[in-house]
Amino acid sequence: MKLFNDIGDFLETLSFIDIVFFFAVMILVILVVTLIYFIRINKDDEEEKKNDETAEMKIVKEIRENMKNDNDDVVINFTDYEHDQEEKAIISYDELLNKSNKYGLNYEKEDVYDDLSVKKVNLDNIANKNSEIKVNSDVRVISFAKEEAFLEALKRLQKELG
């Protein structure tokens, strides 16, 4: 019981400024302890994130390792379907013409802009590999009368919808 009396006498001797200073120091100690706690938690989370690799990170890691070991020849195993598609693939118009082996192109002129080559094709004179043929570019799909009737039908439809 004497202990409580001594604590009470001690608190009575403290002034208001001493009590405010005491609580300010206590709050500061609590804040420092919580700050240290949060720093340790964040370090643990960062270490877990470093240890957990996603599938994409594993792929990137394998690619980097393969690039370092570039001395080995890279072998890509195709399935039968992929191999067939690779064989049938047509990359450019010239390659398409070479695969068809029916027609060749006659170019009127060729312009070079930086690394780009632009060729003007003569469509009136497409070359057949066996013989030279002239293609008539004046081909009509429908007659003028049918074309006019079709245009009128489109105009009526537009008026009815609008």
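Scroll up to find the structure.
Small disclaimer: the values here were computed from a predicted structure and weren't measured.

### Quick notes on the overall build of the protein
Then, in step 1: Across its full length, the protein carries 6 helices and 4 strands.
Then, in step 2: Burial status across the protein gives 3% buried among its 162 residues.
Then, in step 3: If you take every contact in the protein between residues at least 6 apart in sequence, the share linking residues at least 24 apart comes to 17%.
Then, in step 4: Roughly 15900 Å² of accessible area belongs to the protein as shown, and the carbon and sulfur atoms make up 58% of that amount.

### Digging into helix α6 (residues 144–161)
Then, in step 1: In this model, α6 (18 residues) spans 26 Å end to end at C-alpha, consistent with the 26 Å of a helix rising 1.5 Å per residue.
Then, in step 2: Summarising burial for α6: 0 of the 18 residues are buried, a small minority.

### Notes on the pattern of salt bridges
Once their charged atoms are close, side chains differing in charge can pair, the charge on each being opposite to the other.
Then, in step 1: Applying the stated criterion across every chain yields a total of 2 salt bridges.
Then, in step 2: Ionic pairing is found between E108 and K120, a salt bridge with its closest N-O pair at 3.4 Å. With E108 in strand β2 (residues 107–113) and K120 in strand β3 (residues 116–121), this residue pair connects regions lying 12 residues apart in the sequence.
Then, in step 3: K120 sits in the partly exposed class, given a relative accessible area of 46%.
Then, in step 4: Between D111 and K109 there is a salt bridge; the shortest N-O distance is 3.9 Å.

### Some thoughts on a negative patch on the surface
Then, in step 1: A grouping of D44, D45, E46, E47 and E48 is seen on the molecular surface, where their side chains present a negatively charged patch.
Then, in step 2: On the secondary structure map, E48 appears in helix α2 (residues 16–51).

Calculation rules
Residues numbered from 1 in each chain as written. Predicted model: local features only at pLDDT ≥ 70, side-chain atom pairs only at ≥ 80, totals over all residues. Heavy atoms only, no water. Helix = DSSP H or I, 4+ residues; strand = E, 2+ residues; numbered from the N terminus. Buried < 20%, exposed > 50% of the residue type's maximum accessible area, 1.4 Å probe, protein only. Contact = heavy atoms within 4.5 Å. Areas by Shrake-Rupley, 256 points an atom, 1.4 Å probe, with all protein chains shown as cover. Expected span 1.5 Å × (residues − 1). Salt bridge = Lys/Arg side-chain N within 4 Å of Asp/Glu carboxyl O. Patch = residues over 30% accessible without salt bridge, like charges linked within 9 Å, V, L, I, M, F, W, Y side chains within 5 Å. Lys, Arg positive; Asp, Glu negative; His and termini not counted. Charge placed at Lys NZ, Arg CZ, Asp CG, Glu CD.

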